[in-house]
Amino acid sequence: MKISVSRFWKNRGTTLGLAFFLLFAVAPIVWCLGYALAYSFGLAGLLSAGWTTKYWTQAITSGELPRSFLFSAWVALAAIFLSGVTALGLVLGFRRSLQRGAISSLIYLPMALSGLVAAFLVSRWLSGAGLFSRLACAFGFVRDPQHFPSLVNDSLGWGIIAAHWLLAAPFFTVMMLQIYETEKIGSLRQLATSLGASRWQSLRRVAVPVLLQRSSTNLLLYFIFVLGSFEIPLVVGPQNPLVISMLTRRKFGLFDLAQKPEAFVISVVYTALVLFFLLFIFRKAPAHE
Amino acid sequence: MNNSATRKPLAFVLAVCCLFPVAFLLFQSAARRWVYPNLLPQEFNFSAWRTLFQSGHLGGNLLLSLGTATAVGSGATLAGFLTSKCISYHRWRKPLLFCAYIPFVISPVIFGVCILFLFIKLRLADGFFGVVLAQGIIAYGFATVFFGRFWNAQLRATEELVYTLGGSVWDALVRALFPMARGALFVCFCQAFLISWFDYGIVLIIGGGKVETLTIRIFTFINEASLPLAAASSCLLVFPPMLLFWANKKFVLTLPNERL
């Protein structure tokens, strides 16, 4: 009797759990996408006047939307590439140093920084009057802030890339250190060496592919995260071009209500892109992950 | 490259690199009259810290941030833990997990922009509960994904054993599953806490300027170019995560036979 009562509650619990999940995780996203689609086609909002594709045409032909997506993708790719290369270099070159003594704890410190704080730090280091400019002046490389190539609010987004690198490099380093241990890459390399591979070959053909393959999902997820980041570009990003989140926020917050539907066009395109990347991750991941 | 002659100086350089951001924040918070091209400021004092603590606003911002992050962290962890159990044993596990990923990876600002109208209609915008709910949706997605890989055949067998021995669902949860998951629960709470603690976009859009968390205050200081105040309040934002990372490393990673 006890078992059947438990089963009854267990089944009801599963139904309740799924209902809760649908209500608080799925429904908000469905609402967001539905509302954004309706707004972008003129079916919702204060100035809605029925079905129209003019906001989509406006957004695409103005050039702002493609420019913003290309710029965001460039920033995300550069940040992930630099962070990944730094983490790979540290793990493959200095793994033992990273696993012993105080450094094994200190490596977690930069991960305590938020995007906003990282952006603030980068602005204090890389701006025209920042710390690096002062150092360059002290060594006689520049005479005043104007001569220092400021990397903050620049059109290529180096400030954004630097701030993301500051946050992501320690995270990927810790992650790859764990992968190195769990995948027993040390033993695999030893095996490769005993079979005649050189040290460089064991690195290039064994360690790097395993590390990259095992961290590819997280690298891709981080790419999506950087693609939609807001705080960092707000502090150290350029005004033209704008990253996706900033462009959406600007179009949404403008006094000109006619610009609002374009914010939802961007939201729809961005969400579709995120869903595409997620589908790719899910198709790629093995069944047990 | 791993011989001891190079290891020590290298470890020192890496340690300095890791410490530098936090040390610089502390330094900047005390720096006064730091004109270009001086490498060091002409004056050091802690007036920024005094201003922060005497203004009265900071205490409110700090408490609000802590309250929001604690509510989001604990709610999302508990809900994610229970929901992920239902999802993991469900035949549609993969599509359901896919749905859990979406709120967690989507840009908070774009999510905020799209959901604002619904929150206005539900009278949740411009208030504490609206911010908690919006951040909670994101953190809940994360927690569900986090616990997605926690459940396995061994845990299921343990749960079944509790029922076979006469235990109720509550017994299985409180006496078997929660104790077995305490490490994972703590790690998930920390992460969900940080999602809320670091958030700026959702508070800006859903809070509508009426919910002033620490991140909003920091951005105001950066915008006003009040650098020592921005640095001092950034230190306050960095301190709780540091504490959580330390607790994580000290207590969770040392638990015996813990499933993380």
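A brief structural summary.

Calculation criteria
- Position labels on residues start from 1 in each chain and follow its written sequence.
- For naming, the first written chain is A and the first written ligand is 1, with later ones following in the order written.
- Owing to the predicted nature of the model, reporting of local features is limited to residues with pLDDT of at least 70; listing and counting of side-chain atom pairs is limited to 80 or more, with chain, interface and lining totals taken over all residues.
- Calculated side-chain values reflect all of the structure's heavy atoms, with hydrogen atoms and water omitted.
- Salt bridges are identified by distance alone: a Lys or Arg side-chain nitrogen within 4 Å of an Asp or Glu carboxyl oxygen.
- Secondary structure follows DSSP: runs of H or I at least 4 residues long count as helices, runs of E at least 2 residues long count as strands, and numbering of each begins at the N terminus.
- Burial classes follow relative accessibility: with a 1.4 Å probe on protein chains only, a residue under 20% of its type's maximum area counts as buried, one over 50% as exposed, and anything between as partly exposed.
- Aromatic pairs are defined between Phe, Tyr and Trp rings, using the six-membered ring for Trp, whenever the two ring centres lie within 6.5 Å; interplanar angles under 30 degrees are classed as stacked, those over 60 as edge-to-face, and all others as tilted.
- Here a residue-residue contact requires only that any non-hydrogen atoms of the pair lie within 4.5 Å.
- Once two parts are joined, some of their accessible surface, as seen by a 1.4 Å probe, is lost; buried area is that loss totalled over both.
- Amino acid classes used here: Ala, Val, Leu, Ile, Met, Phe, Trp, Tyr, Cys and Pro are nonpolar; Asp, Glu, Lys and Arg are charged; the rest, including Gly, are polar.
- Expected span of a helix, by definition, is 1.5 Å for each gap between consecutive residues, and there is one gap fewer than residues.
- Directions pointing from the helix axis toward each C-beta atom define the arc.

On to the pattern of salt bridges. Within the structure shown, the criterion is met by nine salt bridges over all chains. Across the pair A:E183 and A:R214 runs a salt bridge whose closest N-O atoms are separated by 2.9 Å. Note that A:E183 is positioned in the loop between α7 (158-182) and α8 (185-194) and A:R214 in helix α9 (residues 199-227), a separation of 31 residues in sequence. Residue A:E183 is classed as partly exposed on the basis of its relative accessible area of 29%. Of the residues examined, A:R214 reaches a relative accessible area of 31% and is grouped as partly exposed. Between B:R33 and B:E43 there is a salt bridge whose closest N-O contact spans 3.4 Å. Of the two residues, B:R33 is situated in the loop between β1 (31-32) and β2 (43-44) and B:E43 in strand β2; the sequence distance between them amounts to 10 residues. According to the relative accessible area criterion, B:R33 is exposed, its value standing at 54%.

What the rule picks out here adds up to 45 aromatic pairs over all chains. Each ring, one from B:F24 and one from B:W34, has its centre 6.3 Å from the other, and the planes form 45°; the classification is tilted. One end of the pair, B:F24, is in helix α1 (residues 4-30); the other, B:W34, is in the loop between β1 and β2, and 10 residues separate them in sequence. In terms of burial, B:F24 and B:W34 fall into one category: buried. Note on B:W49 and B:F53: the rings are 6.3 Å apart at their centroids and 20° apart in plane angle, and the pair reads as stacked. Placement of the pair is B:W49 and B:F53 together in helix α2 (residues 47-55), with a separation of four residues, close to one helical turn. An aromatic cluster of at least three residues, connected via ring pairs, comprises A:F282, B:F81, B:Y89, B:F98, B:Y101, B:F104, B:F142, B:F146, B:F147, B:F150, B:W151 and B:F178.

Another point: the interface of chain B and chain A. Bring the parts together and some accessible area is lost; that lost area is often taken as the interface size. The interface of chain B with chain A comprises 81 residues on the first partner and 84 residues on the second. Between chain B and chain A, a total of about 7,500 Å² is buried, with carbon and sulfur atoms accounting for 79% of that surface. For the pair chain B and chain A, the number of links is zero salt bridges. Broken down by element, the residue count for the side of chain B that touches chain A peaks at 13 residues, all from α1(B). Of the residues assigned to the side of chain B that touches chain A, the class counts are 59 nonpolar, 14 polar and eight charged.

This next bit is on unusual backbone geometry. Cis geometry is adopted by the peptide bond preceding A:P241, which originates at A:N240 and carries an omega value of 0°. You can see A:P241 is positioned in the loop between α10 (231-236) and α11 (244-253). Put simply, B:Y36 and B:P37 share a cis peptide bond, and its omega is 5°. By the element assignment, B:P37 lies in the loop between β1 and β2. Backbone geometry at A:N153 places phi at a positive 60°, although glycine is not the residue there. Its location among the elements puts A:N153 in the loop between α6 (131-138) and α7. At B:A225, a position not held by glycine, the phi torsion is positive, near 60°.

It is worth spelling out helix α8 (residues 169-180) of chain B at this point. Residue and element names in this part refer to chain B. Compared with the 16 Å implied by 1.5 Å per residue over 12 residues, the 15 Å span of α8 between its first and last C-alpha is a close match. Listing the buried residues of α8 in full gives A172, L173, A176 and L177. When α8 is viewed along its axis, its buried side chains cluster within an angular range of 130° and face the same direction. Of the exposed residues in α8, those oriented more than 90 degrees away from the buried face are W170 and R175. Contacts from the buried residues of α8 go to α3 (57-88) and α7 (153-164).

Here we come to the environment of A:Y55. Residue and element names in this part refer to chain A. By the secondary structure assignment, Y55 is in helix α2 (residues 54-61). The buried category is assigned to Y55, whose relative accessible area is 10%. Sequence-wise, Y55 and K284 are 229 residues apart; in three dimensions their C-alpha atoms are separated by 35 Å. When sequence neighbours within four positions are dropped, the list of residues in contact with Y55 reads Y39, S40, G42, A258, P261, E262 and V265.

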